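Structure at a glance
Here is how the chains run, residue by residue.
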Amino acid sequence: MSGLDGLDALSTDAEGTAALSGTVGAAIVTINEAAPSLCGTLGSGGGAVSIAGAVTLCGDTTVSGTAVLFGSTVDSDASARALTVNASGTTDFLGDVGATQALGDVTTDAAGLTRFHGGAAALAVVQTSGTQTFNDAVELVAEASGQTRRFASSNGAAITFARTVDSPGAAARLVVDTSGVTTFGGAVGANAALDSVTTDAPGSVALDGGLVRTTGAQTYDDAVILGGPTSLVTIADGGLTAGGAFDGTAGTLTLDLGAGAAVLTNAANDFGVVEVA
């Protein structure tokens, strides 16, 4: 189907495979096929968008709605495709994104909230060859404490969490894997602490939100740059390890690790004021 615009609603049943391309601008879009293919613009009519099956992107795709639900996995076809989601409410990814075939870029808009689930799986991933930019608040949803949510860029592109990152309910582990720049623009775990936070080497991580709060350990294997006064908190004695150079000159670094240890041994570390709570 191609170029369906101006409809009040569009609904497809669970039989067969839907292929939607061009502009599909129905106010409410419900796709129930097991394996739909998407390219172009979907849901520009301003209502909710719900896609039940495993999505394959056959071209760069923009999905817009008051709420957007991907009920299963999202992958590219043989080429890395870009996915943009604009939702004034919640965007939910219930399955892996790019685990089988990496996407190009993934972008969400500034309004609303994006939630990454993963069900009972121990590991759920968002895998791209390009950038990941989450302009809205992000929640990592786990069914049991310690489930991992991994965000990775295979080509070392930037991964940006522009606003807050939280893990309501069971605390999830956050792993960010890129040789480029990882940015946390908002507080991490302020409303609901994560289980742990781990970033890889090489690359760098910018902590611009003033707080990273976990129940367990925080491990920064790449260079860390503080954007201002910053508190690193492990509420269950998790400890802190930073293998890369730590630049804390932009403001006071406060460590509140309980009985956990802080291991900051890189010879290039450059601190301003360090406080131990």
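It should be noted that the structure appears before, not after, this text.
Time to look at the overall build of the protein chain. The helix and strand inventory of the protein chain stands at 0 helices and 33 strands. Taken across its 277 residues, the protein chain has 48% of its residues classed as buried. Look at the contacts in the protein chain between residues 6 or more apart in sequence, and 32% of them connect residues 24 or more apart. Carbon together with sulfur atoms contributes 52% to the accessible area of the protein chain, which is approximately 10100 Å² in total.

Now for the sheet that holds strand β28 (residues 240-242). Taken together, 7 strands build an open sheet; the order of strands is β14-β17-β20-β22-β25-β28-β31 and the sheet is parallel. Among the strands making up the open sheet, the edge pair consists of β14 (123-128) and β31 (262-264). Across the sheet, the mean angle from the axis of one strand to that of its neighbour is 10°, orientation sign disregarded.

For the rest of this paragraph, the subject is the sheet that holds strand β33 (residues 274-276). What the 4 strands build is an open sheet, ordered β24-β27-β30-β33; its pairing is parallel. In this open sheet, the two strands that pair with only one neighbour each are β24 (211-214) and β33. Across the sheet, the mean angle from the axis of one strand to that of its neighbour is 10°, orientation sign disregarded. Bridge count between strand β30 (residues 253-256) and β33: 3 bridges; the pairing is parallel. Residue pairing across strands places L255 opposite V276, the latter belonging to β33.

The rules behind each value
- Residues numbered from 1 in each chain as written.
- Predicted model: local features only at pLDDT ≥ 70, side-chain atom pairs only at ≥ 80, totals over all residues.
- Heavy atoms only, no water.
- Helix = DSSP H or I, 4+ residues; strand = E, 2+ residues; numbered from the N terminus.
- Buried < 20%, exposed > 50% of the residue type's maximum accessible area, 1.4 Å probe, protein only.
- Contact = heavy atoms within 4.5 Å.
- Areas by Shrake-Rupley, 256 points an atom, 1.4 Å probe, with all protein chains shown as cover.
- Pairing = 2+ DSSP bridges.
- Axes fitted to C-alpha atoms, helices over the stretch in contact; angles between N-to-C directions.

All we've got here are geometric facts, nothing functional implied.
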